[in-house]
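Each chain, letter by letter, is given below.
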Amino acid sequence: MTATETPDHPPAAPPRRTLTAALVIVAALVALAGVGVWWFLRDDSPDEVSLDAAVESVDDDGGEGGTANGETADGDAAADVDAALVGDLSGVWTVDIDTGSFDYQTASGSFVGFRIEEELRTIGATTAVGRTNAIIGSMTIDGTTVTETTIEIDLTAITTETSMRDDNVQDALETDQFPTATFVLTEPIELGDSAASGESVATTATGDLTIHGVTQSVTFAMEAQLVDSTVVAVGSSDVTFADFGVEVPSGGPVLSVDDFGVLEMQLLLTR
């Protein structure tokens, strides 16, 4: 071999520290990806509807010294009720979407929504929640009896915790074809004489619910209370989505989704 010839040796292996650094970078990227999935799909769902919480939000928004249980600031057990309404709830009550505030996590005003249990990769069981305050509706009371109720919901305005889930909900409900849902009361509701004095009422509301172009009879477990000049009502009903022709979305990070869930509502109504 002459001085100008190059030995025919294979290239030297990269230093061990280079391989180690590359593995660290890959591991960090994988971890960041996992954190990203957790951040977007973590179980950080808002609480279920509650009459106490709804009443408190109305008191906080406009009540004078009111509390969640209707006591005045000096501790006297007196309902915070407009005197003009005591003993007479008759009339047409309209859903108020201006009182309180609305966002996914802290909805203190009127809204309707759903809750579904699901299983996510690497995260486990979570509760998917969607809500909207794009509602119009009214309730007619004759004496102490609710005789008519009609609620219409704009499903295109449903909000969840991420835009990714928002898109899945819109696709599942096919809101481009079926943008609204409606509930029409089919059986009268007897409130009782105490409702007009500010006492809470537990009852049920049975009616025709239309989603995805399909109408089914459903019954909501309801609680209601007159607070100042506002009727505060909350309710929920278990539904099976296949009954309405809705196929729950899955795939990607979602391992499975229950085909049943809870529809919930929180309504503030004014006469």
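Student: Help me understand the pairing of strand β1 (residues 91-95), please; the structure alone is not making it clear to me.
Tutor: Note on strand geometry: in a regular strand, side chains alternate between the two faces of the sheet. Across four bridges, the pairing between β1 and strand β4 (residues 135-142) is antiparallel. Across the sheet, glycine 91 pairs through a bridge with isoleucine 141, a residue of β4.

Student: Quick question: what am I supposed to make of helix α3 (residues 163-173) here?
Tutor: Given 3.6 residues per turn, any residue in an α-helix points the same way as the ones three and four places further on. Within α3, burial applies to Arg165, Asp166, Val169, Gln170, Ala172 and Leu173. All buried residues of α3 fall inside an arc of 165 degrees around its axis, so they share one side. Those residues of α3 that are exposed and angled more than 90 degrees off the buried face are Ser163 and Asp171. Taken from the residues just after α3, glutamate 174 is the one with a positive phi, measuring 50 degrees.

Student: Looking at this model, I keep getting lost on the environment of arginine 165. Mind explaining?
Tutor: Counting through the fold element by element, arginine 165 comes out in helix α3. Of the residues examined, arginine 165 reaches a relative accessible area of 8% and is grouped as buried. Residues arginine 165 and valine 129, spaced 36 residues apart in sequence, show a C-alpha to C-alpha distance of 9.6 Å.

Student: Hey, could you run me through the pairing of β4 in this one?
Tutor: The two faces of β4 differ: Ile135, Gly137, Met139 and Ile141 on one face are buried, but Ile136, Ser138, Thr140 and Asp142 on the other face are not. Looking at chain direction, β4 and strand β5 (residues 145-154) are connected through eight bridges and run antiparallel. The residue of β5 that forms the bridge with isoleucine 135 is isoleucine 153. Hairpin connection from β4 to β5: two residues lie between these consecutive antiparallel strands, with glycine 143 at a positive phi of about 70 degrees.

Student: What exactly am I supposed to notice about the environment of threonine 145 here?
Tutor: Residue position: threonine 145 is located in strand β5. Distance from threonine 145 to serine 90, taken between C-alpha atoms, is 8.4 Å for residues 55 residues apart in sequence. Sequence-distant contacts of threonine 145, that is, excluding residues within four places in its chain, are made with Thr140, Pro188, Ile189 and Glu190. Separated by 2.7 Å, the side chains of threonine 145 and glutamate 190 make a polar contact.

Student: Would you take a moment to explain the pattern of salt bridges for this structure?
Tutor: Close approach of charged atoms allows side chains with opposite charge to pair. Applying the stated criterion to the full structure yields three salt bridges. The salt bridge partner of arginine 165 is glutamate 161, with a shortest N-O separation of 2.9 Å. Here the residues in one salt-bridge network are Arg115, Arg131 and Glu264, joined through shared partners.

Student: Looking at this structure, I do not really get the nonpolar core. What am I missing?
Tutor: Across soluble globular proteins, nonpolar side chains have a tendency to be buried as a group. Membership of the largest hydrophobic core comes to 46 residues, with the highest contact counts inside it found for Leu89, Trp93 and Leu191. Broken down by element, the residue count for this core peaks at five residues, all from strand β9 (residues 214-227). If we skip the residues at most four places from it in the chain, leucine 191 touches Leu89, Ile141, Thr144, Val146 and Val201. Ranked by size, the runner-up nonpolar core spans eleven residues in total, among them Val49, Leu51, Val227 and Val232.

Student: I tried to follow the confidence of the model for the chain on my own but got confused; where do I start?
Tutor: Low-pLDDT stretches of the model should not have their predicted coordinates read in fine detail. Across the chain, the average pLDDT comes to 80, with 70% of residues at 70 or higher. Low pLDDT (under 50) marks residues 26-43, which in the prediction has 18 contacts with non-local residues, meaning those over four places away or in another chain. pLDDT under 50 marks residues 63-78. Its contacts with residues more than four places away, or in other chains, come to 22 contacts.

Student: I would appreciate a short explanation of unusual backbone geometry in the present structure.
Tutor: The general pattern is negative phi for most residues beyond glycine and trans for most peptide bonds. Non-glycine residue glutamate 174 carries a positive phi angle of around 50 degrees. For glutamate 174, the location among the structural elements is in the loop between α3 and β6 (180-185). For glutamate 174, a relative accessible area of 29% gives the class partly exposed. Non-glycine residue aspartate 228 carries a positive phi angle of around 55 degrees. Given a relative accessible area of 31%, aspartate 228 falls into the partly exposed group.

Student: Hey, could you run me through the packing of aromatic side chains in this one?
Tutor: Think of a pair of aromatic rings as described by two things: how far the centres are apart, and how the planes are tilted against each other in angle. Tallying each qualifying case throughout the model produces one aromatic pair. Aromatic side chains phenylalanine 183 and phenylalanine 220 sit 5.4 Å apart centroid to centroid with 85 degrees between the ring planes, which places their arrangement in the edge-to-face category. Here phenylalanine 183 is found in strand β6, whereas its partner phenylalanine 220 is found in strand β9, with 37 residues between them in sequence. For phenylalanine 183, a relative accessible area of 6% gives the class buried.

Conventions used here
- Residues numbered from 1 in each chain as written.
- Predicted model: local features only at pLDDT ≥ 70, side-chain atom pairs only at ≥ 80, totals over all residues.
- Heavy atoms only, no water.
- Pairing = 2+ DSSP bridges.
- Helix = DSSP H or I, 4+ residues; strand = E, 2+ residues; numbered from the N terminus.
- Buried < 20%, exposed > 50% of the residue type's maximum accessible area, 1.4 Å probe, protein only.
- Arc of directions from axis to C-beta.
- Contact = heavy atoms within 4.5 Å.
- Polar contact = N/O pair within 3.5 Å; in protein donor to acceptor, adjacent residues only side chain to side chain.
- Salt bridge = Lys/Arg side-chain N within 4 Å of Asp/Glu carboxyl O.
- Core = buried A, V, L, I, M, F, W, Y, C linked by side-chain atoms within 4.5 Å.
- pLDDT = per-residue confidence, 0-100.
- Phe/Tyr/Trp six-rings, centres within 6.5 Å; stacked < 30°, edge-to-face > 60°.

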